Amino acid sequence: MRLPVSPESLLHALYETLPDPVMIIDADRKLIASNAAASAVFGYSAEEFLGLGPRDFYASIEDAREVGRALFPLDKATQTLHGQYQFLRKDGSIVTAELTANKILDADGKAVALVAILRDISETVAAREEHRRTESILNTALASISEGFIIFDKQDRLLLCNDAYFEIYAISAPAMRIGATFESIIRYGVAHGQYADCGKTEEEHEAWVAWRMERHRNPSKPYIQRLSTNRSLLVEERIAEDGLNVGVRTDVSILSQAKNEAERLGQIIENVAQEVYLFSLTKDKIVSANKAARDNLQYSLEELRELSAADFIAGSAQDEMNALIAPTGSAESKIQIFDTMHRRKDGSTYPCRVRLEHMEDPDDPVALAFVEDMTERLEIERALKQKEHEFETLARNLPDFIVRAKPDTTLTYVNEHYARYVGRPADEMIGRKFLDFVPEANRAMLIEHLASLSPEQPLRTSEQAMPSLTGETLWCLWSNLMVFEDGKPVELVSVGRDITQVREAQNRIARQSRELELRNNALEQFSAVVSHDLKAPLRQIRLFADMIAEDIKLGKAEDLATFSGYISQRSEAMEAMTSSLLEYSQLAYQRINPEKFQLSKALNEAWTNLSVNVEEAQASLIVEKDIDLYGDFTLLTHLYQNLFANSLKYRRQDSSVEIRVEAQTDREGHKITVEDDGIGIAPEQAERIFGVFQRLHADEKLYSGTGIGLALCRRIAESHHGSIHLDTSYRDGARFVITLPRQGAG
Amino acid sequence: MSSQQDGTLLKVLLVDDDPAEHVLLKRKLKTAEDASIDLEYVSDIGGAVERVKAGGVDMVFLDNRLVPNNDFRETAPQLRSAGFIGPIGIISSDISGRYFEKFREFGVDFKIGKDEIDGTVINFILKEYTLDQLSETCSEDFL
């Protein structure tokens, strides 16, 4: 092709129109020519360029030296140079440019100059820098956000993934390499237990992977994915315009938990027995109401939402209701508690207590109302009051002492009976210590008693003697019950019962038991003695009779008189004993017929009955003092007669008998002594002589008798609640002391 | 064999405040075969103590109730205190009292009802005695 212009013209035109600076440098590195673009870029005029050296152009001396060493002197073999360097403009600013330098050869092929073309790449460098910086910011941003971020390319290969994503899918992390496919990553996760809902069997795994791939390829709404690490993720995926698949994972574990808890709370509120309402204060309408509220008011939620509070609060004026539910600014009045009546859909009403709390939301202020149906509670309170009244009536009328106190014995309640015992009004006793009213002697024991009460043994009882206001001793059985709550004492309840009569009865029974035991012992001894003393003569009579028969059979007669004499003697003894027993049984267990009489009368009667013996013994009776007695005249006469008979029987041989009777009466009763001047009784026999058939002398010829007289005396004295004993200190004979109660034989 | 090894008669002391019991026992001993014993009699415990102190008594039949004492618990120990180490047997018309159960505590070797005493029993007691001391078996047999 032939050009219409000369090559020089063309070069010149190119030289001048080239947008890049073109400069010609001679062998001395002096700029000898430049085009218009060079002036435009560097700010020098064509004239100013001439003569400028390399140091005037290069921003760094190192660049200038590098280029100089590469191209100069011009005869160096290097023909061309291409590199990126920074150059100084006239105004001192720096321009980055690609330098292309070629040597200009003369006709001989000798390099005479250099042509340098500079291509300003400042913008390109700046763009690169900006890109690098943007990429750095992006990476930093991706690394700093808590959400997991991942990008797959059109071939579904991993392109980008931030640290959070690695952290979220820690189990699958080894599979997350750049270039790895999404399917390979989730399969790795399934195989290693990354996902909570991917199933357990191979089939379930495959089905889950297929489902997941489908969602990944055709992403729609975000969904919640649960990981095996108890984390819940919000998975958001979308296909970008350039076909990239961008995924974001947000940890919503807390939100899920909060949502679950909120749902649970909502269910609880829905199902609690208490009525719960939410009012919109701006609209004066019910926003929501739980089941208890709906059931009790008999409205559906939709119906309730059409109602204002005044529609179902009976008897309240609208203004009053408005005042109640009006929003308030002060914290103190945010909660209001009031009693009112609710009206059901069928018109019936019920009492209720409302706790209204204002929620000061500036956008939509609401009031939350908790309503307690008081019907049952009021009935319980009425029943409780009735019970309290009944308790009070019961406590007032019970003969027991009833005391309630704090654990430190500070009284909180005393019944009238105890207050009367203490001698103070019940009201005055409240607030004082229980111990203040306990007899001094019993306080230490009560303190120890209360200290020993425990949750395991909260109740203890004790019997206490308490002086009454009248000075009598009252026996009281106290039951102290400490009430414990959570192991701590909260109240002391003490009940005291008057057991004085019971205790007296117990003492009486114990006394009677002791007496009965003594009588049984005496009866046992009596039986033994009777058995012995009656058997002995019978046996002898039988044996002597056998011996008589044997001797008669053998024709022997010399002992028959002796044997028969024994038989007679023993028969007489038997007869006397049986008579004595009869007498004893008749007198000893005879019913007492008490009467008032003078002692002297009984003594005279007894003495007269023994007149024959008295005469024989030449006895005399001296009565020092006469007193009035109350008892069975016949039995007491017999008592003195037996004592006199003993005195007459056991007299000193060849000596008259003097019997002296003395009597005195004091607070304890009568004391009568009967003493004689006979042979006396050894002190060691003082008790034995009162036994049945007890005789101290074997010599029947000298001192005859059955040994039953003193036993009878004791029996008669005891039947009159008195006693008889031998005065062992008396040495001049025998002295018996008889005691009888003043009130008689009772 | 109711006599001792050296041929002398056994000396048995009867202590009873009823002389008729002496008459009866003598008669029973007479009728008992081989009962070659010499029976002595005293009517009170004081006499019995004096007699055992004097020596020569081989065995004592002690009446349970000796006036003015209550029973053997007061009298038997007096014989032991006097140094008597031979067998003491309590005899009584009635040995049913509960206190008889403790007779050994009071130095008594055996007890026997007066009604039970006959020739056979006396022979048995004497044979037991002549073997050495009266064995416990003897007393047990008569419980």
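Thresholds, definitions, all that
Residues numbered from 1 in each chain as written. Chains lettered and ligands numbered in written order. Predicted model: local features only at pLDDT ≥ 70, side-chain atom pairs only at ≥ 80, totals over all residues. UniProt positions renumbered as here; feature names shortened; annotations may be inferred. Helix = DSSP H or I, 4+ residues; strand = E, 2+ residues; numbered from the N terminus. Buried ≥ 20, exposed ≤ 12 C-beta atoms within 10 Å, placed from the backbone. Contact = placed C-beta atoms within 7 Å. Pairing = 2+ DSSP bridges. Core = buried A, V, L, I, M, F, W, Y, C linked by C-beta atoms within 7 Å. Nonpolar A, V, L, I, M, F, W, Y, C, P; charged D, E, K, R; others polar. Axes fitted to C-alpha atoms, helices over the stretch in contact; angles between N-to-C directions. Parallel < 35°, antiparallel > 145°, perpendicular 65-115°, else oblique. Left-handed = near helix turned anticlockwise from the far one by under 90°.

**Section: the UniProt feature "modified residue: 4-aspartylphosphate" (unreviewed entry) in chain B**
Residues and elements named next belong to chain B.
Right, on to step 1. Mapped onto this structure's residue numbering, the UniProt feature "modified residue: 4-aspartylphosphate" (unreviewed entry) falls at Asp-63.
Right, on to step 2. For Asp-63, the position within the fold is in strand 3 (residues 59–63).
Right, on to step 3. For Asp-63, a count of 26 C-beta atoms within 10 Å translates into the label buried.
Right, on to step 4. When near neighbours in sequence (up to four residues on either side) are disregarded, Asp-63 contacts Val-15, Asp-16, Asp-17, Glu-21, Ile-91 and Ser-92.

**Comments concerning the pairing of strand 3 of chain B**
Residues and elements named next belong to chain B.
Right, on to step 1. With 5 of its 5 residues buried, strand 3 lies for the most part within the structure.
Right, on to step 2. Side chains Met-59, Phe-61 and Asp-63 project from strand 3 onto one buried face, and the interleaved Val-60 and Leu-62 project onto a second face that is buried too.
Right, on to step 3. Where strand 1 (residues 10–15) meets strand 3, 4 bridges bridge the pair, whose relative direction is parallel. Paired with Val-12 across the bridge in strand 3 is Met-59.
Right, on to step 4. Relative to strand 4 (residues 88–92), strand 3 is paired through 4 bridges, and the arrangement is parallel. If you follow Phe-61 over to strand 4, its bridge partner there is Gly-89.

**Topic: the nonpolar core**
One broad rule of soluble globular proteins: the nonpolar side chains tend to lie buried together.
Right, on to step 1. If you look at the biggest cluster of nonpolar residues, it comprises 39 residues, and the most contacted ones within it are Phe544(A), Leu13(B), Val15(B), Ala48(B), Val60(B), Leu62(B) and Leu79(B).
Right, on to step 2. Filtering out sequence-adjacent residues up to four positions away, Phe544(A) remains in contact with Phe563(A), Tyr566(A) and Ile567(A).
Right, on to step 3. Ranked by size, the runner-up nonpolar core spans 37 residues in total, among them Val657(A), Leu712(A), Leu726(A) and Leu740(A).

**A closer look at the interface of chain B and chain A**
Right, on to step 1. Between chain B and chain A, the residue contacts involve 15 residues of the former and 16 residues of the latter.
Right, on to step 2. Per element, the largest residue contribution to the side of chain B that touches chain A is 3 residues, and it comes from helix 1 (residues 19–31) of chain B.
Right, on to step 3. Of the residues in the side of chain B that touches chain A, the class split is 4 nonpolar, 5 polar and 6 charged.

**A look at the sheet that holds strand 15 (residues 349–359) of chain A**
All names here are of chain A.
Right, on to step 1. One open sheet accounts for 6 strands, arranged 12-11-16-15-14-13; its pairing is antiparallel. On the outer flanks of this sheet lie strand 12 (285–289) and strand 13 (313–314), each paired with one strand and no other.
Right, on to step 2. Of the strand pairs in this sheet, strand 11 (residues 275–280) and strand 16 (residues 366–373) are connected by 6 bridges, and their pairing is antiparallel. Each residue of the ladder has a partner; that of Phe-279, found in strand 16, is Ala-367.

**Regarding the sheet that holds strand 20 (residues 473–485) of chain A**
Residues and elements named next belong to chain A.
Right, on to step 1. Read from one edge to the other, the open sheet built from 5 strands follows the order 18-17-21-20-19, with strand pairing classed as antiparallel. Lying at the two open borders of the sheet, with one neighbouring strand each, are strand 18 (411–414) and strand 19 (459–467). When the angles between neighbouring strand axes are averaged without regard to direction, this sheet yields 20 degrees.
Right, on to step 2. Of the pairings in the sheet, the one linking strand 17 (residues 401–405) to strand 21 (residues 488–498) comprises 5 bridges and is antiparallel in character. Note on strand 21: the bridge partner recorded for Phe-401 is Gly-496.
Right, on to step 3. Across the sheet, helix 17 (residues 440–451) touches strand 19 and strand 20, and the angle it forms with strand 19 is around 170 degrees.

**Some words on unusual backbone geometry**
Residues and elements named next belong to chain A.
Right, on to step 1. A cis geometry characterises the amide bond from Phe-72 onward to Pro-73, with omega recorded as -5 degrees.
Right, on to step 2. By the element assignment, Pro-73 lies in the loop between helix 4 (61–71) and strand 3 (80–88).
Right, on to step 3. One non-glycine residue, Thr-409, adopts positive backbone phi at about 75 degrees.
Right, on to step 4. Its place among the elements puts Thr-409 in the loop between strand 17 and strand 18.

**A closer look at the packing of helix 22 (residues 633–649) of chain A against helix 23 (residues 709–719) of chain A**
Residue and element names in this part refer to chain A.
Right, on to step 1. Interaxial distance between helix 22 and helix 23 falls to 9 Å at its minimum, and their mutual angle equals 150 degrees. For the element pair helix 22 / helix 23, the angle class is roughly antiparallel. Helix 22 and helix 23 meet at a crossing whose hand is left-handed. For the pair formed by helix 22 and helix 23, the contact residues are Leu-635, Leu-636, His-638, Leu-639, Asn-642, Leu-643, Ala-645 and Asn-646 on the first element and Gly-709, Leu-710, Leu-712, Cys-713, Ile-716 and Ala-717 on the second.

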